[in-house]
Amino acid sequence: MVSVERMRWWHVAELLPIERELFTPESWSERLFWSELGQLDTRHYVVALAAGAVVGYAGLCDYPDEAWVQTIAVAPVAQGTGLGSRLLQELLAEADRRRQRVVSLEVRADNLPAHRLYERHGFTRTGVRRGYYPGGVDAWVLTRRS
Ligand SMILES: CC(C)(COP(=O)(O)OP(=O)(O)OC[C@H]1O[C@@H](n2cnc3c(N)ncnc32)[C@H](O)[C@@H]1OP(=O)(O)O)[C@@H](O)C(=O)NCCC(=O)NCCS
């Protein structure tokens with residue numbers, strides 16, 4: 001069984017190998033996660049735990065005029081089991097609690113699993129940043145309005 005709970009400082013070391021595996025060469029450093037966790041008023045980070053081990057995580061930033069999905073990741077062994085959806089729902093619920101009606105994010109144009117996930121949750125494309133990612137891949141800005 002997988003539980004989703006608030007990310008705490010002791011989860012960071014454990015999630016870093018997943019972060020590197022999924023996001024290299026753009027993976028976040030330990031320092032960056034710590035900085036995010038320190039901004040309690042505007043950030044909401046969660047982890048998914050299976051038998052106590054981190055198998056996924058996600059984070060939201062509460063900007064003045066919209067919320068932003070900072071990151072969402074599921075360890076390869078746990079992908080395709082609905083965990084990505086569960087983590088995203090948790091972020092959307094937090095946006096709701098914070099009375100944010102607009103939630104946006106940035107995603108590589110070629111990241112099909114992520115596009116399917118966001119589409120299922122009502123996100124549509126609202127912008128493109130040409131050549132934003134290494135290798136010249138475009139970033140799509142997706143937005144969900146509730
Ligand atoms: C994008 C990402 C978070 C999605 O996570 P996930 O846990 O695989 O997503 P889900 O399981 O919720 O959905 C994926 C698929 O599994 C299916 N699924 C859901 N529950 C399932 C289950 N119990 N058994 C089998 N498949 C299931 C979903 O229907 C979905 O299929 P579809 O895309 O064909 O509709 C994950 O692929 C990931 O971490 N990618 C690398 C990091 C990344 O790109 N992050 C996003 C950056 S913007």
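To be clear, the structure that these remarks concern was listed above.
Residues numbered from 1 in each chain as written. Predicted model: local features only at pLDDT ≥ 70, side-chain atom pairs only at ≥ 80, totals over all residues.

Comments concerning unusual backbone geometry
For residues other than glycine, phi is negative in most cases, and the peptide bonds are mostly trans. For the record, the criterion: Helical segments are the DSSP runs of H or I of at least four residues, strand segments are the runs of E of at least two, and each set is numbered from the N terminus.
For the bond from Thr 24 to Pro 25, the omega torsion is 10 degrees, close enough to zero to count as cis. With respect to the helices and strands, Pro 25 occurs in the loop between helix H1 (12–23) and helix H2 (30–38). Its identity is not glycine, yet Ala 51 carries a phi of approximately 50 degrees, on the positive side. Structurally, Ala 51 is set in the loop between strand S2 (43–50) and strand S3 (53–62). A positive phi angle, close to 60 degrees, is found at Arg 99, a residue other than glycine. By the secondary structure assignment, Arg 99 is in the loop between helix H3 (83–97) and strand S5 (102–108).

Overview of the site of the ligand
Definition in use: The criterion for a residue being near a molecule or strand is simple: its C-beta atom, placed using the backbone, must lie within 6 Å of it.
Around the ligand lies a shell of 17 residues, among which Gln 79, Gly 82, Gly 84, Ser 85 and Arg 116 are the nearest. For the shell around the ligand, the secondary-structure elements that each account for two or more residues are strand S4 (67–74), H3 and helix H4 (112–120). In terms of residue count, H4 provides more of the shell around the ligand than any other element does, four residues in total.

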